[in-house]
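# Descriptive structure summary
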Amino acid sequence: MKKFLYLFLFCFLTFSCTESPENVQIVDALPEIFPDYEGVTVPAGIAPLNFNVKNSEKVYVEITGDDGSKLLSSGSYAGFDIEEWHDLTFKNTGGKITVSVTVKNNGVWKKYRDFFIYVSKDSLNDYGLTYRLIPPGYETFAHIGIFQRDIHTFDEEAVIDGMAIQGECMNCHVPNRCNPNQFQVHIRGKNSATLIQQGGKRKLLQTATDSTIANCMYAYWHPTGKYIAYSLNLIHQTFFEDTVKYIEVFDMASDALVMDVEKNELILCESLMTKDFESYPVFSADGKTIYYCTSKPYVLDGDLNAMRYSLVKTSFDAEKGKIGPDFDTLVNAEEIKKSITHPRPSYDGRFLMFCVADYSVFPIHHKESDLYVMNLADSTIHPLKEVNSDCAETFHNFSTNSRWFVFNSRRIDKINNLLFISHIDENGNCTKPFLLPQKNPAEFYGNLFFSYNVPDFTSEKVDLDIRAFAREIYSGERIQVGVRRN
Amino acid sequence: MDKKRIIAAVFAVLAFCFWAFMRPEWLSYHEQYQMFLFSFDYLKEHLLLPGGFAVWTAEFLVQFFYNTFSGAAVVAGVLTGIFLLLKNNENQFAALLPSVLIWVYSGDESMMFTFPVAVLLSLAATKINTDKIPWIQFLIIPLIYWLIGYCVWIYVLLRARNVFKILTLVFFQFFVAYVTTRNYPLIDIFCGIDYYRLRMEIPVWQHLTAVSCVLAAFVKIPEKKWLFYTQCAAILSVLVFGVIKKYDNLRYDYIKVDYFSRFGKWESLLKFAEKNNLKSDFASTGINLALAMTNQMPDRVFEFSQSGNNGLISQFDYTCFSCGPTAEACYYLGLNNSVLRYNFDMQSGILNCKNSGRFFKRIAGAYILNRRYDVAQRYLNKLKKTLFYRSWALQAEDCLYDEEKIRQNPEWAGILSQRFENGLNFSNSDLDKMLICLFENRPINRMALNYALCSTLINRNLGAFVKYFPLYTKHFGTAEIPEIYQQAFLYACFQGGYAFENMPKFISEKVKDDFREFDRAYLINPKSKVFTTGKFSKSFWKYCLFDTRQ
């Protein structure tokens with residue numbers, strides 16, 4: 001009797017859970033899948049590229065590595081076991097995976113043309129990503145949070161969120177070269193503070209001074225961890241009654257400077273605090289150069305095209321903490337009639353990636369915003385055609401080994417920014433990016449009411465004592481930064 | 001019927017009447033900051049938090065606040081249920097005290113309905129018979145804590161007054177605080193998640209009410225007639241004075257204005273404004289909207305206190321409440337992206353991170369009007385899982401991707417014809433210019449023109465008024481020009497040195513006579529009552545010369 005029961009159970013589990021396709025019709029077309037993973041390049045060990053097939057009652061997906069190993073998935077969407085997927089990708093590093101999709105719709109099974117997913121030789125060993133999840137508000141941010149996501153699985157957890165510090169808007173988490181032990185976060189509003197955490201030690205700074213126009217805002221670490229480059233921005237936003245364009249964000253004024261993190265001092269350099277607008281300063285990979293963007297002053301009521309930022313570089317002496325004196329314009333906005341923002345150097349010193357839009361200091365709301373890369377060896381620039389779309393691509397950052405980068409794009413629904421990851425080789429060639437994998441992508445992204453914002457890689461999990469941090473925020477105790485002249 | 005049931009019945013009727021007829025706005029206020037979903041995932045996400053079941057149950061009940069009478073019945077039911085569950089056959093008034101205290105405490109609009117529901121659930125748990133297996137309480141206490149949060153202490157103090165059981169609870173709370181729920185403030189873990197809307201603070205009323213539940217079960221007062229009346233008077237005093245103290249404040253005036261704007265009760269709003277001299281941006285926004293919606297703008301615009309452009313369309317001020325009437329004004333004016341913006345911001349301002357059915361509905365509608373059907377669908381999918389927004393969501397879903405149906409939709413047809421679609425720059429400081437631009441592109445939008453002209457008058461900008469006024473006569477003729485506009489135009493002509501006979505013909509003889517009378521009265525005695533309470537108290541001239549508030 002027992003044996004019969006076991007047999008029944010075995011048969012039930014085997015045949016009820018997996019329905020194999022029968023009387024399959026062959027269709028000479030690619031399946032309509034979400035996300036579009038056809039032809040993407042992924043690192044070995046990434047979370048499974050689960051996908052949904054549009055207009056399907058049931059999907060039957062078989063994936064085969066170049067080495068012959070196979071995975072099967074059957075159900076309402078294609079979902080793969082994490083360990084089996086990792087195993088498959090590691091076995092096929094440098095090769096490809098063939099995805100074979102058969103779909104049942106209206107009782108008829110159809111098999112579509114196979115497609116490939118390429119597994120790069122370059123690894124992505126970082127733990128995951130950090131990012132801000134932000135609801136579509138303009139003035140209030142009670143639901144805002146900084147999160148971290150293990151890119152090898154689907155696990156996400158809060159670093160800081162609105163549950164811990166209620167109603168406070170927080171700017172993005174900025175680590176030093178993906179290092180989770182060295183990061184800064186700025187909290188805005190009545191409890192404003194700049195949090196700097198290094199090696200488990202935390203300090204909250206008041207960065208507004210009599211000599212500067214605002215709190216420190218857009219940040220970038222010096223590779224030594226001794227300095228942070230900041231821009232100070234008087235940000236303003238204006239709104240439109242328009243079915244396409246809702247908002248323009250711009251600066252009323254902006255300066256750039258460097259903070260000496262050890263001495264809690266702002267290093268003020270007149271050339272970075274002119275009547276022009278300076279923004280988005282970043283250090284080069286060797287820490288000897290500062291790249292930043294600068295524009296002539298503009299007013300929004302005037303010609304919007306005036307809001308164009310050039311890319312400029314200056315030298316930095318980390319020993320002395322000195323900026324300049326040489327300044328060199330790398331890309332002149334007036335010549336190309338475009339605006340350059342968000343420069344980000346790769347950590348291997350090869351590239352400088354940035355956004356290019358028709359005009360704007362905040363290109364996230366500009367659908368024409370695209371990513372470009374400058375080869376620092378010969379200063380040649382080219383657009384990342386494989387990566388760009390007809391929607392805004394912005395806020396990119398490199399992985400620790402500089403072979404991967406993550407960026408924001410609105411290409412899925414033109415409203416929310418989602419995260420895409422792409423591979424870049426030593427010559428600056430990119431591959432088709434893939435949307436951040438989710439367990440059930442259509443369900444996840446279809447129910448998402450937040451935008452991803454300012455993503456960055458983190459080599460390990462970020463560890464922040466949220467309660468202690470919240471106590472410190474509300475205590476009001478801050479270290480007032482000092483200033484010194486360059 | 002025994003005494004307890006009679007008291008319960010009287011109390012329930014009183015509570016029902018209070019919320020149904022005196023404070024329906026309280027119900028609306030609470031309902032608009034949540035969106036209960038009939039879905040397993042929604043239950044699951046609540047059950048993952050300590051006290052989550054109480055939150056879920058409260059949200060289930062609060063959804064009925066959408067309708068005034070069902071909401072009032074729910075509140076009355078919960079408060080009466082607490083009374084009935086308090087086991088004290090010897091003293092009914094002591095058992096009534098917790099319900100009365102919650103009633104008073106509810107005047108603090110940040111008190112979440114989770115708290116009374118958790119009290120009710122805790123008292124219900126005391127009815128579980130655990131006498132046969134005493135050790136089971138070591139399991140039940142953590143379980144009750146996980147389900148209802150802080151109010152588990154009522155259960156413990158009523159049913160499990162034992163050091164080891166108390167230690168079990170404390171140990172479990174610390175376990176929860178430091179192992180399972182690390183990103184919540186400790187105060188939430190120990191004093192209840194979503195018992196109070198503002199984190200980091202728990203009012204003493206919460207503890208007072210919880211303690212009263214415990215004490216009520218033990219109070220023994222001899223049954224004497226004078227004591228009965230004394231207790232009766234004491235309870236009534238606590239209720240009446242407590243409610244007056246907690247509910248009678250300016251905040252509730254604004255909540256009422258928001259409630260009237262939300263449900264389009266324009267006449268009620270104006271009646272309320274007539275009785276109460278409301279002076280704030282928030283109130284002015286609601287009143288002006290009500291005037292516009294009842295075609296009484298501009299005739300009565302100076303009957304009420306004005307607040308400049310912020311009294312027409314307020315600037316956002318960082319809370320989930322501050323711009324309800326403004327968002328509604330934008331909706332009826334056809335400023336669709338502003339509807340989105342204000343509702344997004346109010347949604348993002350809900351401090352306990354809940355979604356709002358009210359705001360989701362407006363956001364979904366605005367996306368539909370912007371032809372972003374895929375995004376609208378996302379919001380509709382949520383609304384379809386609610387009880388009270390479901391039918392609207394289904395109707396809206398039926399219109400997706402079908403512009404003809406949208407144009408035929410009675411709610412959206414007017415807005416579609418009034419809205420501006422290409423690049424209008426929203427500006428609160430230049431409100432008149434923006435609305436004139438809207439009107440010039442959509443001459444059907446009379447409300448926009450009235451708002452623009454009133455904006456110039458409220459700001460005493462006669463130059464702008466005279467500049468824009470020809471638009472009114474061009475589109476609506478000179479036959480029925482509102483008296484306020486005639487007054488303003490006359491005053492502008494008068495300032496420009498025009499003789500009465502040379503003034504435009506659309507200024508009636510009555511208005512001219514009135515102005516002569518006003519002028520005479522002003523020269524004789526500027527402090528005359530005729531300006532404050534008499535004939536000219538609601539005129540533009542009086543507003544222009546006397547009213548300092550803006």
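Residues numbered from 1 in each chain as written. Chains lettered and ligands numbered in written order. Predicted model: local features only at pLDDT ≥ 70, side-chain atom pairs only at ≥ 80, totals over all residues. Heavy atoms only, no water.

### Notes on the overall build of chain B
The cut-off we apply is this: Counting from the N terminus, the helices are DSSP H or I runs at least four residues long and the strands are E runs at least two residues long. Burial classes: relative accessible area under 20% of the type maximum marks a residue as buried, over 50% as exposed, and values in between as partly exposed (1.4 Å probe, protein chains only). Contact criterion: two residues are considered in contact whenever any of their non-hydrogen atoms come within 4.5 Å of each other. Just so you know, the count uses Lys and Arg for positive and Asp and Glu for negative, and it drops His and the chain ends. To locate a charge, take atom NZ for lysine, CZ for arginine, CG for aspartate or CD for glutamate.
Scanning chain B from terminus to terminus reveals 30 helices and one strand. Overall, chain B is about 100 × 60 × 40 Å in size when its C-alpha atoms are taken along their principal axes. Per-residue burial for chain B yields a buried fraction of 58% across its 550 residues. Residue pairs in contact within chain B that sit at least 24 positions apart in sequence constitute 68% of those at least 6 positions apart. Within chain B, the 45 negative side-chain charges are centred at a point lying 6 Å from the centre of the 59 positive side-chain charges.

### Structural notes on the pairing of strand S20 (residues 265-268) of chain A
Residues and elements named next belong to chain A. Rules: Two strands are counted as paired when DSSP detects at least two bridges linking them.
Bridge count for strand S19 (residues 247-260) against S20 is three bridges, and the pairing is antiparallel. By the bridge assignment, Val 258 is partnered in S20 with Ile 267. Counting the residues in the hairpin turn of S19 and S20 gives four residues, including Asn 264, whose phi is positive at 55°. Bridge analysis of S20 against strand S35 (residues 482-485) gives four bridges, and the strand direction is parallel. Directly across from Ile 267, in S35, lies its bridge partner Arg 484.

### Here we look at the interface of chain B and chain A
Stated precisely, the cut-off is as follows: Buried area: the accessible area, evaluated with a 1.4 Å probe, that two parts lose upon being put together, summed over both parts. By definition here, a salt bridge exists when the distance from a side-chain nitrogen of Lys or Arg to a carboxyl oxygen of Asp or Glu is within 4 Å. Counted as a polar contact is a pair of N or O atoms within 3.5 Å, where, for protein atoms, one must be capable of donating a hydrogen and the other of accepting one, and residues adjacent in sequence contribute only when both atoms are in side chains.
Across the contact, 51 residues belong to chain B and 37 residues belong to chain A. Ranking the residues of chain B by area buried against chain A places Asn 183, Ser 348 and Arg 378 of chain B at the top, with a combined share of 19%. Inspection of the chain B/chain A interface yields one salt bridge. The shortest N-O distance in the salt bridge between Arg 378 of chain B and Asp 413 of chain A comes to 2.5 Å. Across the contact surface, chain B and chain A share 14 residue pairs in polar contact (both at pLDDT 80 or more). Breaking the side of chain B that touches chain A down by element, the ones donating at least two residues are helix H10 (163-180), helix H11 (186-191), helix H18 (336-348), helix H19 (357-369), helix H20 (373-383) and strand S1 (424-426) of chain B. In terms of residues, the side of chain B that touches chain A owes the most to one element, H18 of chain B, which gives nine residues.

### Focus: the side chain of Thr 458 of chain A
All names here are of chain A. You can see Thr 458 is positioned in strand S33 (residues 451-458). Reaching out from Thr 458, the side chain makes a polar contact with the backbone oxygen of Glu 460 at a distance of 2.6 Å. Once residues lying within four places of it in the same chain are set aside, the contact partners of Thr 458 are Asp 126, Tyr 127, Gly 128, Leu 129, Thr 130, Cys 178 and Pro 180.

### Considering the packing of H20 of chain B against helix H21 (residues 390-399) of chain B
Residue and element names in this part refer to chain B. How we decide: To get an axis, fit a line to the C-alpha atoms, keeping to the stretch in contact for a helix; angles then go from 0 to 180 degrees between the N-to-C directions. Our angle categories are set so that under 35 degrees counts as roughly parallel, over 145 as roughly antiparallel, 65 to 115 as roughly perpendicular, and the remainder as oblique. Note on convention: near helix rotated counterclockwise from far helix by under a right angle means a left-handed crossing. Clockwise means right-handed. Under the scheme applied here, ten amino acids are nonpolar (Ala, Val, Leu, Ile, Met, Phe, Trp, Tyr, Cys and Pro), four are charged (Asp, Glu, Lys and Arg), and all others, including Gly, are polar.
H21 packs onto H20 with a crossing angle of 150° between their chain directions and a minimal axis gap of 8 Å. On the basis of the axis angle, H20 is roughly antiparallel to H21. Once H20 is placed against H21, the crossing between them reads as left-handed. Where H20 abuts H21, its residues Gln 377, Leu 380, Asn 381 and Leu 383 lie against Arg 390, Trp 392, Ala 393, Ala 396 and Glu 397. Looking at the contact of H20 with H21, its residues break down into five nonpolar, two polar and two charged.

### Considering unusual backbone geometry
Residue Pro 35 of chain A is bonded to the preceding Phe 34 of chain A through a cis peptide linkage, with omega at -5°. Assignment of secondary structure puts Pro 35 of chain A in the loop between strand S2 (33-34) and strand S3 (41-42). With an omega of 15°, the peptide bond running from Met 297 of chain B to Pro 298 of chain B counts as cis. By the element assignment, Pro 298 of chain B lies in the loop between helix H16 (281-293) and helix H17 (324-333). The backbone phi angle of Asn 55 of chain A is positive, close to 50°, even though this residue is not glycine. Of note, Asn 55 of chain A is situated in the loop between strand S4 (52-53) and strand S5 (58-65). Overall, the relative accessible area of 60% leaves Asn 55 of chain A in the exposed class. Positive phi, close to 70°, is recorded for Cys 178 of chain A, a residue that is not glycine. Following the sequence through the fold, Cys 178 of chain A ends up in the loop between strand S13 (174-176) and strand S14 (179-187).

### Some words on the pattern of salt bridges
Residue and element names in this part refer to chain B. Within this structure, the stated rule accounts for 44 salt bridges over all chains. Ionic pairing is found between Lys 384 and Glu 397, a salt bridge with its closest N-O pair at 2.7 Å. In this pair, Lys 384 sits in the loop between H20 and H21 while Glu 397 sits in helix H21, placing the two residues 13 residues apart along the sequence. Look at Glu 397 and you get partly exposed, because its relative accessible area is 23%.

### Section: the domain arrangement of chain B
Residue and element names in this part refer to chain B. Just so we agree on the cut-off: The domain boundaries here were taken from an automatic or database domain assignment.
When its domains are assigned, chain B resolves into domain 1 (3-247), domain 2 (250-418) and domain 3 (481-550). Computed from C-alpha atoms alone, the centre-to-centre distance between domain 1 and domain 2 is 33 Å. Listed per partner, the contact involves 34 residues of domain 1 and 27 residues of domain 2. Interface area, domain 1 with domain 2, both sides summed: about 2,700 Å², of which 59% is carbon and sulfur. Contact with domain 2 buries area across many residues of domain 1, yet Tyr 33, Met 35 and Tyr 66 alone supply 27% of it, more than any other trio. Linking domain 1 to domain 2 there are five salt bridges. Arg 262 serves as the salt-bridge partner of Glu 31, at 2.6 Å between the closest nitrogen and oxygen. Contributing elements (two or more residues each) for the side of domain 1 that touches domain 2: helix H2 (24-31), helix H4 (52-62) and helix H13 (225-247). Per element, the largest residue contribution to the side of domain 1 that touches domain 2 is six residues, and it comes from H2. Per-class residue counts for the side of domain 1 that touches domain 2 are 15 nonpolar, ten polar and nine charged.

### Comments concerning the sheet that holds S33 of chain A
Residue and element names in this part refer to chain A. Within the open sheet, the four strands sit side by side as S12-S11-S10-S33. Their pairing is antiparallel. Since the sheet does not close on itself, it has two edges, and those belong to strand S12 (156-161) and S33, each with one partner. When strand polarity is set aside, the average angle formed by the axes of neighbouring strands in this sheet is 25°. Bridge count for strand S11 (residues 145-150) against S12 is five bridges, and the pairing is antiparallel. For Gln 148, the partnering residue across the bridge sits in S12 and is Glu 157.

### Digging into the nonpolar core
Rules: Joining through side-chain atoms within 4.5 Å is the link that ties buried Ala, Val, Leu, Ile, Met, Phe, Trp, Tyr and Cys residues into a set, and such a set is a nonpolar core.
The biggest cluster of nonpolar side chains holds 299 residues, and the ones touching the most others in it are Trp 19 and Phe 540 of chain B. Discounting chain neighbours no more than four positions away, the residues touching Trp 19 of chain B are Pro 24, Trp 26, Leu 27, Thr 68, Ala 72, Val 75, Leu 79, Trp 103, Ser 106 and Tyr 247 of chain B. Core analysis: the second largest hydrophobic core is formed by 20 residues, Ile 160, Cys 169, Phe 469 and Ala 470 of chain A among them.

### Looking at the packing of aromatic side chains
Our working rule: Think of it this way: a Phe, Tyr or Trp ring, Trp meaning its six-membered ring, pairs with another when their centres are within 6.5 Å, and the plane angle makes it stacked under 30 degrees, edge-to-face over 60, tilted otherwise. For a ring to carry a charge above it, either NZ of a lysine or CZ of an arginine must fall within 6 Å of the ring centroid while also lying within 35 degrees of the normal to the ring plane.
Taken as a whole, this structure holds 91 aromatic pairs over all chains when the rule is applied. With 6.5 Å between their ring centres and 85° between their planes, Tyr 292 of chain A and Phe 327 of chain A make a pair best called edge-to-face. Separated by 35 residues along the polypeptide, Tyr 292 of chain A in strand S22 (residues 289-295) and Phe 327 of chain A in strand S24 (residues 322-331) bring together distant segments of the chain. Owing to a relative accessible area of 4%, Tyr 292 of chain A belongs among the buried residues under this scheme. Under the relative-accessibility criterion, Phe 327 of chain A is labelled partly exposed at 31%. Plain terms: the ring middles of Trp 19 of chain B and Trp 103 of chain B are 5.2 Å apart, the flat faces sit at 35° to each other, and that makes the pair tilted. Of this pair, Trp 19 of chain B sits in helix H1 (residues 3-22) while Trp 103 of chain B sits in helix H6 (residues 92-105), and the two are 84 residues apart along the sequence. Of note, Lys 4 of chain B hangs over the ring of Phe 83 of chain B, and the distance from its end group to the ring centre comes to 5.3 Å.

### Looking at the packing of H17 of chain B against helix H23 (residues 410-418) of chain B
Residues and elements named next belong to chain B. At their nearest, the axes of H17 and H23 sit 8 Å apart, and the two run at 75° to each other. Between H17 and H23, the interaxial angle falls into the category roughly perpendicular. Residues Tyr 331, Tyr 332 and Leu 333 of H17 lie in contact with H23, whose contacting residues are Glu 411, Trp 412, Ile 415 and Gln 418. Residue classes in the contact of H17 with H23 are distributed as five nonpolar, one polar and one charged.

### A few points about the confidence of the model for chain B
Here is the rule we go by: pLDDT measures the predictor's confidence residue by residue and takes values from 0 up to 100.
Averaged over chain B, the pLDDT score is 91; the fraction of residues at 70 or greater is 99%. On the interface metric, ipTM, the complex scores 0.88, and its pTM is 0.91.

### Examining the environment of Leu 239 of chain B
Here Leu 239 of chain B lies in helix H13. Along the primary structure Leu 239 of chain B and Val 100 of chain B are separated by 139 residues, whereas in three dimensions their C-alpha atoms are 6.0 Å apart.

### Thoughts on a nonpolar patch on the surface
Residues and elements named next belong to chain B. Test applied: A residue counts toward a patch only above 30% relative accessible area and without a salt bridge, and it is joined to like-charged neighbours within 9 Å or, for Val, Leu, Ile, Met, Phe, Trp and Tyr, to nonpolar neighbours within 5 Å. Calculation of accessible area relied on Shrake-Rupley with a 1.4 Å probe; when residues are assessed, cover is drawn exclusively from the protein chains displayed.
Among the surface-exposed residues, Ile 133, Trp 135, Phe 138, Leu 139, Val 163, Phe 164 and Leu 167 lie close enough to one another that they form a single nonpolar patch of about 750 Å² accessible area. Listed by contribution, the elements that provide at least two residues to the nonpolar patch are helix H8 (137-148) and H10. Looking at the nonpolar patch element by element, the count peaks at three residues for H10. Examined against the element boundaries, Leu 167 turns out to sit in helix H10.

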